[in-house]
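Single-letter residue listing:
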Amino acid sequence: MFIHRFVPAIAGLSVLLSTVPVQAQTYQYDAPPPRVINESGNEPERLAADNQAVVYGTWDFNYSATPDGNLFVTRIFASDFGQGSAAASIQIDCGRGFFRHVVTPLFYANGSSSGTPMNDVAVNQWLVMDRQTSFGQAMMRSCEAAAAEEGTTWQWFN
């Protein structure tokens, strides 16, 4: 399966953007530095799919909760586009609906085992999450999983 090539470098593409979601709460705390993701050896999980891509995430992820109730999740994602795939480590600002690439994502063309750096994708620049795409839905599921580990349910506002 193609996904084995991506651990630990799995991803999302910044071209999947939309408008800023309406916020029900104002979050005041800056993002903590993304932490290293430990590898448990578990297979990545399929998080979302649409007619553009199937998005996988590493089973392992980490998160930080801020005093104002926001969550910042770091996870490695892979997007399979059929003819190619992309992989990168992403930090998600769940409350504001933003994400940023932690390292330069890689593109794998037509089953290649070596990725090409996507140098045109900015690293550490916050981008807007498009919750209508498979990539956005995968990030949403990651926020929900982190909230569940915190013992709560993440509430999405329109």
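Right, let's walk through the structure included here.

1. Re the pairing of strand β5 (residues 84-93)
- Among the ten residues of β5, ten are classified as buried, and the element is accordingly described as predominantly covered.
- Both faces of β5 are covered, namely the face carrying Gly-84, Ala-86, Ala-88, Ile-90 and Ile-92 and the face carrying Ser-85, Ala-87, Ser-89, Gln-91 and Asp-93.
- Across nine bridges, the pairing between strand β4 (residues 71-80) and β5 is antiparallel. Bridge pairing in β5 places Ile-76 opposite Ser-89.
- The antiparallel pairing of β4 with β5 creates a hairpin that spans three residues between the two strands, and Gly-82 there sits at a positive phi of about 90 degrees.
- Here β5 runs beside strand β7 (residues 106-109); their pairing, made up of four bridges, is antiparallel.

2. Let's talk about the nonpolar core
- Of all hydrophobic cores here, the largest spans 25 residues; its most connected members are Val-73, Phe-77, Ile-90, Ile-92 and Met-139.
- Elements represented by at least two residues in this core include exactly β1 (45-49), β4, β5 and α1 (134-150).
- With seven residues, α1 is the largest single contributor of residues to this core.
- Residues within four places of Ile-92 in sequence aside, it is in contact with Leu-71, Phe-72, Val-73, Phe-77, Phe-98, Phe-99, Trp-126, Met-129, Met-139, Ser-142 and Cys-143.

3. Thoughts on the pattern of salt bridges
- Going through the model one piece at a time under the given rule, you end up with two salt bridges.
- The residue Arg-75 makes a salt bridge to Glu-45 at a minimum N-O spacing of 2.6 Å. Of this pair, Arg-75 sits in strand β4 while Glu-45 sits in strand β1; the two residues are 30 residues apart in sequence, bridging distant segments of the chain.
- For Arg-96, the salt bridge goes to Asp-93, with nearest N and O atoms at 2.7 Å.

Conventions we followed
- Numbering of residues starts from 1 in every chain and runs along the sequence as written.
- With pLDDT at 70 or above as the cut-off, local features in this predicted model cover only qualifying residues; side-chain atom pairs require 80 or more to be listed or tallied, and sums for whole chains, interfaces and linings still use all residues.
- Side-chain metrics rest on all non-hydrogen atoms present in the structure, leaving aside hydrogens and water.
- Only protein chains enter the accessibility calculation, which uses a 1.4 Å probe; a residue whose area is less than 20% of its type maximum is buried, one above 50% is exposed, and one in between is partly exposed.
- A helix here means a DSSP run of H or I that spans at least four residues, while a strand means a run of E at least two residues long, and both kinds are numbered starting from the N terminus.
- Here a strand pair is declared whenever DSSP counts at least two bridges between the two strands.
- To qualify as a nonpolar core, a set must consist of buried Ala, Val, Leu, Ile, Met, Phe, Trp, Tyr and Cys residues joined through side-chain atoms within 4.5 Å.
- Contacts were defined at the residue level, with two residues in contact if any of their heavy atoms lie within 4.5 Å.
- When a carboxyl oxygen of Asp or Glu lies within 4 Å of a side-chain nitrogen of Lys or Arg, that pair is called a salt bridge.

Scope: geometric values only; no functional claims are made or implied.
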